[in-house]
Amino acid sequence: MTIRSVFATSLVAVSLSVAYLPAWAQEKVLRIAMTAADIPRTLGQPDQGFEGNRFTGIPMYDGLTQWDLSKADAPSVLIPGLSLSWAVDGSDKKKWVFKLRPGVRFHDGSAFNADAVVWNVQKVLDNTAPHFDGSQVGVTASRMPTLRSARKIDDLTVELTTSEPDSFLPLNLTNLFMASPTHWQSKFAAATGATPADRVRAAWTAFAADPSGTGPFRGVRLVPRERFEMVANKQYWDAARVPQIDRVVLIPMPEANARTAALLGGQVDWIENPAPDAVPQITSRGFKMYTNQQPHVWPWQFSFVEGSPWLDKRVRQAANLCIDRSELKKLLGGLMAEPKGTVGPGHPWWGNPKFDIKYDLKAAQKLMADAGHSTAKPLKVKIQVSASGSGQMQPLPMNEWLQQSLKKCGFDVELDVIEWNTLFTNWRRGAKDPTARGAHAINVSFAAMDPFFAMVRFTNSTAAPPVSNNWGFFANAEFDALIHRARTSFDGPARDEALSRLHARIVEEAVFLWVAHDVGPRAMASKVSNVTQPRSWFIDIATMRVN
């Protein structure tokens, strides 16, 4: 089967239980087909990568800090969320004081305050807390690895403590969503189980089915692997984001052609990542396409464990020179940007690396020959990939294209295709874990919105699993020193200088195979209006309208 035939649209009838119920007759309803194969977890710390944050995190919950998703013509920046302000302690830079927003209430009516912040930190960091939930740790702790504890100062002031000075903490906290302690306690009181741990698990399961956050939407119906419904929270604390849409229905639909068929058939109003070959038909039939440049990387992340074929820098650089990204862009219908690194020229962290990521087949073949490999004597590499998933674009066709392209340089690529959420879990476990199944690289796309997410979690030796996402166990003292300089610089220009040097070295060492940057393509029915497609992985449903 050719790559083009994989992309070809097969508009088959898709049976979805999303018909309007009588109770919806007068409601303004938005139906969304996600790329995930299941509903992201709804209990406060979503799984399914950042698709979970996008669809069951940000709509129902808030963090102390959040991303400004209101602009399409400028990068998203950090803004206050449930905290009005924050500052690092002048004498002890491991301590931060956050001033909380007054008057905020959870969906169940209970008050948000400092006690709630302490409770939500404990749910993922304190295994002695009665509400601690180990199932939420992996998707949370790896995104804020230095946070250690929270202490109430007064009802609207909380102190957070880190393991080391960390100027990235306010950015990391966009991933800690505030769930209602009071609502959870009511679920725990009604829970049954043979042991206290069983009751805790039962309480969190009940909470997931009837969640309570402080966000603009409130969850009301969960059918695993089928649908999740949210309704507007008309008492939301931010008047600018009180929803005008009455109900949102989330539907997992991992296959691109099925999503496209559902949109064209009127069964959903919004799809993520449509089949590229179907875009002309989508637009010709009056649907709107939204794209924008994103801080996003679609890579192969290499293993640096003993025996990995990627330990040779010549091999890593050869792979980056062997692929014609302009050809891939055509196959994707233009729905990608060609990378020069994790960030591009002109970015404050660019750093002008000496290695240029481009298509240079002869140079790639020479590097491989110098390393002892050729088309006659290929280098076997195994890559774990997914069939769908958040930010994964069109993972199977793209990886099959890479498999064919890299043959020209003496790579014999084996693809180990697994389910997206399983792959995401394996990403946290690392290349040494049995779940890697001998893979030499992993294909998990990632956000590059801030220094930690863009670079630090992949190249700091202290971020190796289970701490964070240094899946390949990359370790380099020079990189660690640059990261320490950036993390302990609370002055913007000094931090950017260290980060620019770090980025240059990441590119020069070819820590990844940089394949593409996503542009976040999504198609929507014309009745969906007031849509802002930000320069972000995320998007704000609360400000949209259904006409």
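Residues numbered from 1 in each chain as written. Predicted model: local features only at pLDDT ≥ 70, side-chain atom pairs only at ≥ 80, totals over all residues. Heavy atoms only, no water.

### A word on the overall build of the protein
- On a plain count of helices and strands, the protein comes out with 17 helices and 21 strands.
- In terms of C-alpha radius of gyration, the protein reaches 23 Å, essentially the compact-globule figure of 24 Å for 547 residues.
- Seen through its C-alpha atoms, the protein measures out along the principal axes to roughly 70 × 60 × 50 Å.
- Taken across its 547 residues, the protein has 59% of its residues classed as buried.
- Long-range pairs, those at least 24 residues apart, make up 70% of the contacts in the protein with a sequence separation of at least 6. (Helix = DSSP H or I, 4+ residues; strand = E, 2+ residues; numbered from the N terminus. Rg over C-alpha atoms; globule rule 2.2 N^0.38 Å. Buried < 20%, exposed > 50% of the residue type's maximum accessible area, 1.4 Å probe, protein only. Contact = heavy atoms within 4.5 Å.)

### Side note on the state of the cysteines
- Evaluated as defined, the whole model comprises 1 disulfide.
- Here Cys-322 pairs with Cys-409 through a disulfide, and the sulfurs are 2.0 Å apart. Judged by the sign of its S-S torsion, about 100°, the bond between Cys-322 and Cys-409 is right-handed. Of this pair, Cys-322 sits in helix H10 (residues 313-322) while Cys-409 sits in the loop between helix H13 (395-405) and strand E15 (411-418), and the two are 87 residues apart along the sequence. No difference in accessibility class separates Cys-322 from Cys-409, as the two residues are buried. (Disulfide = S-S within 2.5 Å.)

### Things to note about empty space enclosed by the protein
- Per the stated rule, a full pass over the model turns up 3 cavities of 30 Å³ or more.
- What the largest cavity holds in volume is close to 120 Å³.
- Every residue lining the largest cavity is counted, 18 residues in all, and those nearest its centre are Phe-50, Arg-143, Phe-424, Trp-427 and Arg-457.
- Elements with a minimum of two residues in the lining of the largest cavity: helix H2 (49-57), helix H4 (138-141), helix H14 (420-429), strand E17 (446-447) and helix H15 (451-459).
- Among the elements that take part in the lining of the largest cavity, H14 stands out by supplying 4 residues, more than any other.
- Residue classes in the lining of the largest cavity are distributed as 9 nonpolar, 6 polar and 3 charged.
- In this structure, the second largest cavity encloses a volume near 80 Å³.
- What lines the second largest cavity is a set of 14 residues, among which Arg-54, Glu-272, Asn-273, Gly-391 and Asp-518 lie closest to the centre.
- Looking at the lining of the second largest cavity residue by residue, the classes come out as 2 nonpolar, 7 polar and 5 charged. (1 Å grid on protein atoms, 1.4 Å probe; cavity = no way out; pocket = protein on both sides within 12 Å on 5 of 7 lines; lining within 4 Å. Points joined across faces, edges and corners; volume = space filled by probe spheres on them. Nonpolar A, V, L, I, M, F, W, Y, C, P; charged D, E, K, R; others polar.)

### What about the packing of H15 against helix H16 (residues 477-487)?
- At a minimum axis distance of 10 Å, the contact between H15 and H16 shows a crossing angle of 140°. As judged from the angle between their axes, H15 and H16 are oblique. H15 and H16 meet at a crossing whose hand is left-handed. From H15, Phe-452, Val-456 and Thr-459 reach across to H16, where they touch Phe-479, Asp-480, Ile-483 and Arg-487.
- Residue classes in the contact of H15 with H16 are distributed as 4 nonpolar, 1 polar and 2 charged. (Axes fitted to C-alpha atoms, helices over the stretch in contact; angles between N-to-C directions. Parallel < 35°, antiparallel > 145°, perpendicular 65-115°, else oblique. Left-handed = near helix turned anticlockwise from the far one by under 90°.)

### A closer look at the confidence of the model for the protein
- Summing up the model confidence of the protein, the mean pLDDT is 94 and the portion of residues at 70 or higher is 95%.
- A low-confidence stretch, residues 1-21 (pLDDT under 50), is modelled with 51 contacts involving residues beyond four sequence positions or located in other chains. (pLDDT = per-residue confidence, 0-100.)

### Things to note about the pattern of salt bridges
- Inspection of the entire model under this criterion finds 30 salt bridges.
- A salt bridge links Lys-527 to Asp-269, with the nearest nitrogen and oxygen atoms 3.3 Å apart. Taken as a pair, Lys-527 in the loop between strand E19 (522-524) and strand E20 (528-529) and Asp-269 in the loop between helix H8 (256-264) and strand E11 (270-272) lie far apart in primary sequence, 258 residues in all.
- Asp-269 gets classed as buried once you look at its relative accessible area, which sits at 2%.
- Residue Arg-316 is joined to Glu-509 by a salt bridge in which the shortest nitrogen-to-oxygen separation is 3.3 Å. With Arg-316 in helix H10 and Glu-509 in the loop between helix H17 (492-508) and strand E18 (512-516), this residue pair connects regions lying 193 residues apart in the sequence. Pair check on accessibility: Arg-316 and Glu-509 agree, each one buried.
- Residues joined by salt bridges that share partners form a network here, namely Lys-313, Arg-316, Glu-478, Arg-501, Arg-505, Glu-508 and Glu-509. (Salt bridge = Lys/Arg side-chain N within 4 Å of Asp/Glu carboxyl O.)

### Here we look at the sheet that holds strand E5 (residues 95-100)
- Read from one edge to the other, the open sheet built from 4 strands follows the order E4-E5-E7-E6, with strand pairing classed as antiparallel. Both edges of this open sheet fall to strand E4 (83-88) and strand E6 (147-154), since each of them pairs with a single strand only. On average, each strand axis in the sheet is tilted by 20° relative to the strand beside it, whichever way the strands run.
- In the sheet, E6 pairs with strand E7 (residues 157-162) via 6 bridges, with the strands oriented antiparallel. From the neighbouring strand, Ala-150 faces E7, where its bridge partner is Leu-160.
- Across the sheet, helix H3 (residues 114-125) touches E5, E6 and E7, and the angle it forms with E6 is around 165°. (Pairing = 2+ DSSP bridges.)

### Side note on the sheet that holds E11
- Read from one edge of the open sheet, 7 strands run E8-E9-E10-E1-E11-E19-E12, paired in mixed fashion. Of all strands in the sheet, those bounded by a partner on one side alone are strand E8 (217-223) and strand E12 (288-290). Taking the axes of each pair of neighbouring strands and ignoring which way they run, one obtains an average angle of 20° across the sheet.
- For strand E1 (residues 29-34) and strand E10 (residues 247-252), the ladder comprises 6 bridges, and the chain directions are parallel.

### Description of the packing of aromatic side chains
- Going through the model one piece at a time under the given rule, you end up with 27 aromatic pairs.
- With 5.7 Å between their ring centres and 80° between their planes, Phe-452 and Phe-453 make a pair best called edge-to-face.
- For Lys-432, the ring lying beneath its charged end belongs to Phe-473, and the centroid distance is 4.3 Å. (Phe/Tyr/Trp six-rings, centres within 6.5 Å; stacked < 30°, edge-to-face > 60°. Lys NZ or Arg CZ within 6 Å of the ring centre and 35° of its normal.)

### Structural notes on the nonpolar core
- With 119 residues, the main nonpolar core has Trp-300 and Phe-411 as its most contacted residues.
- Looking at this core element by element, the count peaks at 6 residues for H15.
- Counting residues in each nonpolar core, the second largest holds 23 residues, with Phe-112, Val-121, Val-158 and Met-178 among its members. (Core = buried A, V, L, I, M, F, W, Y, C linked by side-chain atoms within 4.5 Å.)

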